[in-house]
Amino acid sequence: MSVNTQNQLLIAPAPLVDIGVNLTNSRFSHQLDEVLTRAQQAQVKTLIVTGTSVEESEAAQVLCEKYPGQLYFTAGVHPHDSSQFQKSTYQTLFNLAQDKSCVAIGETGLDFNRNFSTPEQQVNAFERQIELAVELKKPMFLHERDAFSKQSEILRYYRDNIVDAVIHCFTGDQKALFGYLDLDCYIGITGWVCDERRGLELQQLVKNIPTARLMLETDAPYLLPRNMQPKPKSRSNEPAYLPWVLKQMSQCLNQDELSLAQQTSDNAQRFFRLP
Ligand SMILES: [Zn+2]
């Protein structure tokens, strides 16, 4: 891959889609134009902005209106925020999802690692959002941490009626990976795979992901890829750093960067029904 000599950005060999970026995060608000310009320079041409609550989903929608064709968004309530999921939330998300820039329902799922909302609240919010995705025939953007057994049980029950689902920021074990692939889920890989310590298991596991089910994401501003050279002064991740995830995955899979870039972007285009 080539490097932009002015700002040292690694440039992807083909246009990439960052399928998960928390662009409504306050760390981006004062420098949005610059962040999006750098993403373009690195060939990260399309960004899917993650909606994690009603408010964040609405904020994501506003961003998409400012940058049409470059930004799309998901509408949903994160498992951490499930306690805020009320009866009226279904209709609010339904209305948001009518926007042509809304390309998936989520981020939703189960997170029993921290239980910021109770497991019962999480299951309820997850099931309501599955029903919404089924009704709207929209793909689902899913999160899961320490909850594979319950999440896969729920997904299996609804799976035939869900058009598509991606397990974003997959960091689970082999049992979870094979379980989600059995359910014909897509798998989103972040800079976690670039971590020379806690990413080691994932570096081996990714070899089992069929190429047609793989997508790439930064989850920025989190998870700065630790293979970056030089490391940015600000330790904040951004979409322009997605080529470092591509580079690491190309090494893990022993596949050239160009074809991997093209295949993962094709997958994202198909998954999110991008124009
Ligand atoms: Zn997540």
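Cut-offs applied
- Residues numbered from 1 in each chain as written.
- Predicted model: local features only at pLDDT ≥ 70, side-chain atom pairs only at ≥ 80, totals over all residues.
- Heavy atoms only, no water.
- Axes fitted to C-alpha atoms, helices over the stretch in contact; angles between N-to-C directions.
- Helix = DSSP H or I, 4+ residues; strand = E, 2+ residues; numbered from the N terminus.
- Parallel < 35°, antiparallel > 145°, perpendicular 65-115°, else oblique.
- Left-handed = near helix turned anticlockwise from the far one by under 90°.
- Contact = heavy atoms within 4.5 Å.
- Nonpolar A, V, L, I, M, F, W, Y, C, P; charged D, E, K, R; others polar.
- Donors = N, O, S within 2.8 Å, 3.2 Å for Na, K, Ca; no water.
- Buried < 20%, exposed > 50% of the residue type's maximum accessible area, 1.4 Å probe, protein only.
- Pairing = 2+ DSSP bridges.
- UniProt positions renumbered as here; feature names shortened; annotations may be inferred.

## Remarks on the packing of helix 9 (residues 242-253) against helix 10 (residues 257-271)
It is at 9 Å that the axes of helix 9 and helix 10 come closest, and there the two elements cross at 110°. Accordingly, the angle class assigned to the pair helix 9 and helix 10 is roughly perpendicular. For the element pair helix 9 and helix 10, the recorded crossing hand is right-handed. In this structure, helix 9 contributes Leu246, Lys247, Met249, Ser250 and Leu253 to the contact, and helix 10 contributes Glu257, Leu260 and Ala261. Per-class residue counts for the contact of helix 9 with helix 10 are five nonpolar, one polar and two charged.

## Structural notes on the coordination of the zinc ion
Protein coordination of the zinc ion is provided by Glu107 (OE), His143 (ND1) and His168 (NE2), with donor distances spanning 1.9 to 2.2 Å. Every donor residue of the zinc ion comes from the same chain, spaced as E-x35-H-x24-H. Of this pair, Glu107 sits in strand 6 (residues 102-111) while His168 sits in the loop between strand 8 (165-167) and helix 7 (174-182), placing them 61 residues apart in sequence. Across the pair, His168 and Glu107 agree in class, each one buried.

## Section: the sheet that holds strand 10 (residues 214-216)
What the eight strands build is an open sheet, ordered 3-4-5-6-7-8-9-10; its pairing is parallel. Of all the strands in the sheet, the pair left with one neighbour each is strand 3 (16-21) and strand 10. With strand direction ignored, the average angle separating the axes of adjacent strands in the sheet is 30°. Across the sheet, helix 2 (residues 32-41) lies against strand 4 (44-49) and strand 5 (71-75), angled at about 130° from strand 4, the strand it touches most.

## A look at the pairing of strand 7 (residues 140-145)
The element strand 7 is largely enclosed, with a buried count of five among its six residues. As defined by bridge partners, strand 6 adjoins strand 7 across six bridges and the pair is classed as parallel. Within strand 7, the position partnered with Gly106 by the bridge is Phe141. Note that strand 7 and strand 8 share three bridges and pair parallel. Bridge pairing in strand 8 links Leu142 to Ile167.

## Some details on the UniProt feature "binding site: a divalent metal cation 2" (unreviewed entry) in the protein
As recorded in UniProt, the sites labelled "binding site: a divalent metal cation 2" (unreviewed entry) are His143 and His168. In terms of the greatest pairwise C-alpha distance, the residues named above, spread along 26 residues, form a tight cluster of at most 5.7 Å across. Tracing the sequence through the fold places His143 in strand 7. Other than its neighbours up to four places away in sequence, His143 contacts His78, Pro79, Glu107, Thr108, Gly109, Leu110, Asp111, Gln151 and His168. Take His168: its relative accessible area is 4%, and that puts it in the buried class.

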